[in-house]
Amino acid sequence: MKHKINVQAILGGLVLASTLAASAYAFQPSGQTEGCCGSSPSSGKPHVAQESKGVQKATVLVQDGKYTPSTIEVKKGKPVQITFKGGKKMGCGATIEFKSLKQTKTVKEGKTVAFSFTPSSAGEVKFACSMDMIRGKVVVK
Ligand SMILES: [Cu+2]
């Protein structure tokens with residue numbers, strides 16, 4: 001309790017844990033509905049943004065040093081709004097950077113921050129913590 005917490009070690013552990021979770025997930029039979037949660041950085045089903053009043057919206061929970069869902073699917077040519085909700089144990093994930101959009105925002109626990117953009121072409125819009133350790137992406141179809 002007295003000693004300082006080694007943040008770097010915790011983060012490393014989380015990255016490792018999510019990698020293990022990702023491989024565990026890959027062994028599960030597909031076709032099961034996982035919902036919007038439980039996806040990992042490089043695997044898992046993408047969460048399809050829901051359109052409301054012409055805006056494609058999705059909410060990403062920042063918790064336990066990861067983004068859930070980490071993959072969001074949108075359609076090109078329509079406004080996108082990704083809301084990040086601050087949860088517990090966010091670590092450096094609290095600062096979210098959309099490099100290609102030149103947008104960086106920090107979310108506090110219990111609060112939200114939103115990123116808005118309109119993708120003009122298909123591809124991937126990546127986001128990550130400012131150290132590029134915790135990652136996610138918006139897949140534009
Ligand atoms: Cu980081």
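Right, let's talk about the overall build of the protein for a bit. In terms of regular secondary structure, the protein is built from one helix and eleven strands. Of the regular secondary structure in the protein, the N- to C-terminal order runs α-β-β-β-β-β-β-β-β-β-β-β. The buried share among the 141 residues of the protein stands at 27%. Long-range pairs, those at least 24 residues apart, make up 62% of the contacts in the protein with a sequence separation of at least 6.

Once that is clear, we can look at the environment of Ala-128. Assignment of secondary structure puts Ala-128 in strand β10 (residues 123-129). Spatially, the C-alpha atom of Ala-128 lies 9.5 Å from that of Lys-66, the residues being 62 residues apart in sequence. Non-local contacts of Ala-128, meaning those with residues more than four positions away in its chain, are made with Glu-97, Ile-134 and Arg-135.

Turning next to the environment of Gly-91. If you trace the backbone, Gly-91 turns up in the loop between β6 (80-86) and β7 (95-98). The class for Gly-91 is buried, based on 20 C-beta atoms found within 10 Å. Taking the C-alpha atoms as reference, Gly-91 lies 9.3 Å from Cys-129; in sequence the two are 38 residues apart.

Moving on, we get to the sheet that holds strand β1 (residues 47-48). Strand order across the open sheet formed by six strands is β1-β5-β11-β10-β7-β8, with mixed pairing between neighbours. Edge strands, defined here as strands with exactly one partner in the open sheet, are β1 and β8 (103-106). Bridge count for strand β5 (residues 71-74) against strand β11 (residues 135-140) is four bridges, and the pairing is parallel. From the neighbouring strand, Thr-71 faces β11, where its bridge partner is Lys-137.

A few words on the pairing of β5. By the bridge criterion, two bridges tie β1 to β5 in an arrangement that is parallel. Within β5, the position partnered with Val-48 by the bridge is Glu-73.

Position of Gly-54 among the secondary structure elements: in the loop between β2 (50-52) and β3 (55-63). Apart from the residues within four sequence positions on either side, Gly-54 is in contact with Lys-78 and Pro-79.

Core analysis: the biggest nonpolar cluster contains 22 residues, and Val-60, Val-62, Ile-72, Val-74, Ile-82, Phe-84 and Val-138 have the highest contact counts within it. Elements with a minimum of two residues in this core: β3, β5, β6, β10 and β11. No other element matches β10, which puts four residues into this core. When near neighbours in sequence (up to four residues on either side) are disregarded, Ile-82 contacts Ala-58, Val-60, Ile-72, Ala-114, Phe-115 and Val-138.

Time to look at the confidence of the model for the protein. Confidence in the prediction for the protein averages 80 pLDDT; 69% of positions are at 70 or higher. Taken as a whole, residues 7-43 scores under 50 in pLDDT and shows 40 contacts with residues more than four places along the chain or in a different chain.

Time to look at the pairing of β7. By the bridge criterion, four bridges tie β7 to β8 in an arrangement that is antiparallel. Bridge pairing in β8 places Glu-97 opposite Thr-104. Counting the residues that bridge the hairpin from β7 to β8 gives four residues, and of these Lys-102 lies at a positive phi of roughly 55 degrees. Here β7 runs beside β10; their pairing, made up of two bridges, is antiparallel. Pairing of Ile-96 across the sheet is with Cys-129, part of β10.

Conventions and cut-offs
- Residues numbered from 1 in each chain as written.
- Predicted model: local features only at pLDDT ≥ 70, side-chain atom pairs only at ≥ 80, totals over all residues.
- Helix = DSSP H or I, 4+ residues; strand = E, 2+ residues; numbered from the N terminus.
- Buried ≥ 20, exposed ≤ 12 C-beta atoms within 10 Å, placed from the backbone.
- Contact = placed C-beta atoms within 7 Å.
- Pairing = 2+ DSSP bridges.
- Core = buried A, V, L, I, M, F, W, Y, C linked by C-beta atoms within 7 Å.
- pLDDT = per-residue confidence, 0-100.

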